[in-house]
Amino acid sequence: MTTIPDESQVLEALREVIDPELGCNLVDLGLIYDIKIDGGAVSVAMTVTTPGCPMHDSLRAGVRNALLNLEGVASAEVDLVFDPPWHPSMMTEVGRRMTGAY
Amino acid sequence: MEAILPLSATVSPVTTRPAAAAEPTVPSIWLPLSFIVTGLLALLTAVGWMIAQPDLLTTYHYNQNIIALTHLVVLGWICSVVIGATYQLVPVALETKLYSERLAKCQFVFHLVGFVGMVWMFKTWNMKQVGHFGSILGLGAGLFIYNLARTLLRVQKWNIVATALASSLAWFTLSILAGLSIAAGKCSYDSTEGAAVASGVRTLIAGLRSMGAFMSRFDAISAMHAHAHLGLIGLFTMLVVGVSYKLVPMFTLSEIQNRRRAGLSIALLNAGLLGAFLSILLRSPFKFVFGMVVCAALGMYGWEIAAVLKARKRAALDWGVRSFITALCLLAPLGLLGAVLAWPRLPLNVFTGQLENLYGFLGAFGFVTLAIIGMLHKIVPFLAWFKTYSPHVGRFRVPTLAALYSEHLQRIGYWTWLTGLAAAGAGILLQSDVVARLGVIALSFTLLMLAVNIAKILSHVLQPKLSPLPGRAKSS
């Protein structure tokens, strides 16, 4: 029987995707705006730290790869959004520690 | 484990808007890399030349070898890297795609042939051939300017970065025209007298003769200084100012603090440079006034960057950003030196000549080169990472950009560069070949560190270092 992942498992998987410039995962950077799980279909709304970030394609593809790599995920959709724009205050405590932010 | 969505609590999914322009903006890594490697080879050659002949720094700069060396540094090193980096950074800074990679590749060939030929011909002081090779370089520069101008036309929302870029393209055009005019002014065009030449060629020669006659109205050294300022301030400083308004906030997790101040710095830099160019060319005492306008522009810029850094959220600055910021700090002694040299009643003696050498040296190797070395530790790792690891994100554990090179070597290189600058600067002022040579040897040590780091970074392209993700993956 296939197990459908829950939100915490999806977040754990997305913690393996890092922003290579900041050296921190996307979840703790606060770049993951929304997760929707509908059976085996997962959709994620994410942003990047700055519009025009040259990494945005890599990160979006990385999020999709990480989702498809999860047991029980049959399809994954990743939307890149810029509204609201990202701000360092959106980082978690872990993210702040990892990036040396205060 | 409880889900931690830092924004899910504060952002309604309904309010999120899909990105309008999410197309890839990065050109092929080989395009910027070919310019960057060319630039590094030119810098190595220039530093080797200075070690072999330190008198190039300690004697007055109006001679064929120093002019050849200057063009090797400015066109071969600075221009090559700046053009390569521009092809990579401008699409990022302007949030759009480069207009044409093919034009950029064509430019590389023109640029390479043009600057190598120019340096060689300057060394043999064959000004007619300098003009020919300069025209080849100019053709390449024309392709660069056209390519960037078309890229600028794609910008949906005009901003200060776009204004700075447009300004630098205009100054680059003027700088090349000024350089070619100076070359035309030093040539004689009597070889085709009486010969039956095509009317187009005759017209061209007549035009060059007129240009030569026009340029003979200006003092040769003043024209050379005016041309140098167009390049170093108009192209390089303007680009550094504009691009850093995007990159410094990006790397330090900060924001522009006062857009008006940032815009004013660019407007003042444009106004000051125009006045400085004309007043230097005409040997007018107003060059001091316009020099002060340029200093005010750079002061505004420094004020804004200091405010950006003060508001940053990232406490520790990496060594790439530190090098860049140190380079910006060197604008202060450079501005002071420029003000002294622009003083209308400054006596024209040997020491003044050495001050001019120090001014040029600090500008090229202090401000511009240190800024470039700092940014190369951002650009080259990104290019290698993007080529090697980008397709594997989410499938494997990939390294960070900082893990691609040695920060230890970078730190050593930073300090040896500053030591070398101080020593070579002292050698220039004291007219001591020994001290100048020691300074340049210290600079070469930094280049060794840089070369090792670049080799380490590029080794990832040949041999990627991927590690598997923790065992949570599909069993299939």
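Residues numbered from 1 in each chain as written. Chains lettered and ligands numbered in written order. Predicted model: local features only at pLDDT ≥ 70, side-chain atom pairs only at ≥ 80, totals over all residues. Heavy atoms only, no water.

1. Section: the overall build of chain A
Now for step 1: Along the backbone of chain A there are four helices and five strands.
Now for step 2: For a compact globule of 102 residues, the expected C-alpha radius of gyration is about 13 Å, and chain A comes in at 13 Å, within 12% of that figure.
Now for step 3: If you line up chain A on its principal axes, its C-alpha atoms span 45 × 25 × 20 Å.
Now for step 4: A buried classification covers 61% of the 102 residues belonging to chain A. (Helix = DSSP H or I, 4+ residues; strand = E, 2+ residues; numbered from the N terminus. Rg over C-alpha atoms; globule rule 2.2 N^0.38 Å. Buried < 20%, exposed > 50% of the residue type's maximum accessible area, 1.4 Å probe, protein only.)

2. Section: the packing of aromatic side chains
All names here are of chain B.
Now for step 1: For the coordinates displayed, the defined rule picks out 13 aromatic pairs over all chains.
Now for step 2: Note on Phe 35 and Tyr 87: the rings are 5.7 Å apart at their centroids and 50° apart in plane angle, and the pair reads as tilted. Taken together, the positions of Phe 35 in helix 1 (residues 30-52) and Tyr 87 in helix 3 (residues 64-94) put the pair 52 residues apart, joining distant regions of the chain. Each member of the pair, Phe 35 together with Tyr 87, is buried.
Now for step 3: With 5.1 Å between their ring centres and 90° between their planes, Phe 288 and Trp 343 make a pair best called edge-to-face. Highlighted residues: Phe 288 in helix 10 (residues 287-310) and Trp 343 in the loop between helix 12 (331-342) and helix 13 (350-388), separated in sequence by 55 residues.
Now for step 4: Here the aromatic residues Phe 35, Tyr 87, Phe 108, Phe 144 and Phe 172 are joined through ring pairs into a cluster of three or more.
Now for step 5: Across the ring face of Trp 303, the terminal group of Arg 261 is positioned such that the distance to the ring centre comes to 4.4 Å.
Now for step 6: Positioned above the aromatic ring of Trp 319 is the side chain of Arg 322, whose terminal nitrogen or guanidinium carbon lies 4.4 Å from the ring centre. (Phe/Tyr/Trp six-rings, centres within 6.5 Å; stacked < 30°, edge-to-face > 60°. Lys NZ or Arg CZ within 6 Å of the ring centre and 35° of its normal.)

3. Things to note about helix 3 (residues 56-68) of chain A
Now for step 1: With 13 residues, helix 3 of chain A extends 18 Å between its outermost C-alpha atoms, agreeing within 8% with the 18 Å of an ideal straight helix rising 1.5 Å per residue.
Now for step 2: Taken together, the buried positions of helix 3 of chain A are A:His56, A:Ser58, A:Leu59, A:Gly62, A:Val63, A:Asn65, A:Ala66 and A:Leu67.
Now for step 3: Buried positions along helix 3 of chain A lie against helix 1 (7-14), strand 1 (18-19), helix 2 (26-29), strand 4 (41-46) and strand 5 (75-83) of chain A together with helix 13 of chain B. (Expected span 1.5 Å × (residues − 1). Contact = heavy atoms within 4.5 Å.)

4. Regarding the side chain of B:His227
Now for step 1: With respect to the helices and strands, B:His227 occurs in helix 8 (residues 220-252).
Now for step 2: Setting aside its immediate chain neighbours within four residues, B:His227 contacts B:His71, B:Ser175, B:Ala178, B:Gly179, B:Ile182 and B:Phe277.

By themselves, these figures tell us nothing about what the structure is for.
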